[in-house]
Amino acid sequence: MTYGTMAAPESNPRANAALAADCEVCNGWGSVITFQGRHELCQACQSPTERECHESS
């Protein structure tokens with residue numbers, strides 16, 4: 001019996017640099033390191049509601 005390999009989770013989330021440009025929370029990186037040591041997208045500039053605010057401006 002052959003077993004397939006599971007894809008590893010993406011280690012670094014892909015942030016939208018245009019949205020992150022002026023963010024004071026992530027300093028323009030678009031991602032942050034949480035207290036648990038996880039690399040996650042910045043909620044201040046990469047969240048869907050924030051994205052809509054930037055597009056309507």
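Our structure's up above, just so we're on the same page.
Residues numbered from 1 in each chain as written. Predicted model: local features only at pLDDT ≥ 70, side-chain atom pairs only at ≥ 80, totals over all residues. Heavy atoms only, no water.

> Help me understand the overall build of the chain in this model?
Helix and strand content of the chain: 2 helices and 2 strands. Counted from the first residue to the last, the chain has its helices and strands arranged as α-β-β-α. Expressed as a percentage of its 57 residues, the buried residues of the chain come to 19%. Restricting to contacts in the chain with at least 6 residues of sequence separation, those with at least 24 account for 32%. (Helix = DSSP H or I, 4+ residues; strand = E, 2+ residues; numbered from the N terminus. Buried < 20%, exposed > 50% of the residue type's maximum accessible area, 1.4 Å probe, protein only. Contact = heavy atoms within 4.5 Å.)

> What is the right way to look at the environment of Ala15 in this model?
Relative to the helices and strands, Ala15 is located in the segment before helix H1 (17-20). Take Ala15: its relative accessible area is 31%, and that puts it in the partly exposed class. Residues Ala15 and Glu40, spaced 25 residues apart in sequence, show a C-alpha to C-alpha distance of 9.2 Å. If near-sequence neighbours (up to four positions away) are discounted, Ala15 is found in contact with Trp29, Gly30, Leu41 and Gln46.

> I would appreciate a short explanation of unusual backbone geometry in the present structure.
Residues other than glycine predominantly adopt negative phi, and peptide bonds predominantly adopt the trans conformation. One non-glycine residue, Asn27, adopts positive backbone phi at about 55°. When its relative accessible area of 62% is taken as the criterion, Asn27 is described as exposed.

> Would you explain the nonpolar core in this entry?
If you look at soluble globular proteins, the nonpolar side chains tend to sit buried side by side. Counting 5 residues, the largest nonpolar core is built from Ala20, Cys23, Cys26, Cys42 and Cys45. Ala20 has contacts with Cys26, Gly28, Trp29, Gly30, Cys45 and Gln46, leaving out every residue within four places of it along the chain. (Core = buried A, V, L, I, M, F, W, Y, C linked by side-chain atoms within 4.5 Å.)

> Explain the pattern of salt bridges here, please?
Working definition: two side chains of opposite charge can pair if their charged atoms are close together. Scanning the model with the defined rule gives 1 salt bridge in all. We note a salt bridge from Glu40 to Arg38, for which the minimum N-O separation is 2.7 Å. Relative accessible area serves as the criterion here: at 26%, Glu40 is assigned to the partly exposed category. For Arg38, a relative accessible area of 51% gives the class exposed. (Salt bridge = Lys/Arg side-chain N within 4 Å of Asp/Glu carboxyl O.)

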